[in-house]
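# Structural characterization, general
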Amino acid sequence: MNLSFSFLSKLALVNFPANELKQKHKVHDYSRLVSGSDYVFERLNEGTIGYMTGSGTGIKASDRIILQEGCEFYQYQVEEVDYYSDPSDMWIALLKQVLID
C-alpha cells in the first residue's frame, strides 16, 4: 500500500508539468480594427516591441495580439498589461513581436 501511494505521488508530479504545457495562450485579433481609432500602437526598437492601448476584456500576460500594417500581419506577445480604472475595459500593454503561429 505504501508503495502504491509513493508511485501515485510521483506520477502526479510527472504529469503536472505536462498539464502546464498544454495551457495555450489566447490570441486576440485586432487586425480588422482601425489603428488610431480603435487602438493605438506605438512601435519601439524598429517594431520588435511596442506599447498598445486598446479596449476589451480578457487580455493577459503571455496572450498574443495580431495587428495589421498595410498588407503585413504581425503577432505580438503581451509582456505586461495594466487595466485602467475608468473605463474598466481599457488597457495598456507592453508587447514583444513573435513569429506568427
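Everything quoted here is computed from the prediction, not taken from an experiment.

In this section: the confidence of the model for the protein chain. Model confidence for the protein chain is summarised by a mean pLDDT of 84, while 77% of its residues fall at 70 or above. Predicted confidence for residues 1–5 stays below pLDDT 50, and this span has zero contacts to residues more than four positions away or in other chains. Of the regions scoring below 50 in pLDDT, residues 7–14 engages in zero contacts with residues more than four places distant in sequence or in other chains.

Taken as a whole and judged by the stated rule, the model has three aromatic pairs. Aromatic side chains F41 and Y76 sit 5.0 Å apart centroid to centroid with 55° between the ring planes, which places their arrangement in the tilted category. Note that F41 is positioned in strand β2 (residues 40–44) and Y76 in strand β5 (residues 72–83), a separation of 35 residues in sequence. An aromatic cluster of three or more residues is present, and its members are Y30, Y39 and W91.

This part covers a nonpolar patch on the surface. A cluster of nonpolar side chains, contributed by Y51, Y84 and I92, occupies part of the molecular surface with about 260 Å² of accessible area. Residue position: I92 is located in strand β6 (residues 90–98).

Rules and cut-offs
- Residues numbered from 1 in each chain as written.
- Predicted model: local features only at pLDDT ≥ 70, side-chain atom pairs only at ≥ 80, totals over all residues.
- Heavy atoms only, no water.
- pLDDT = per-residue confidence, 0-100.
- Contact = heavy atoms within 4.5 Å.
- Phe/Tyr/Trp six-rings, centres within 6.5 Å; stacked < 30°, edge-to-face > 60°.
- Helix = DSSP H or I, 4+ residues; strand = E, 2+ residues; numbered from the N terminus.
- Patch = residues over 30% accessible without salt bridge, like charges linked within 9 Å, V, L, I, M, F, W, Y side chains within 5 Å.
- Areas by Shrake-Rupley, 256 points an atom, 1.4 Å probe, with all protein chains shown as cover.
- Salt bridge = Lys/Arg side-chain N within 4 Å of Asp/Glu carboxyl O.

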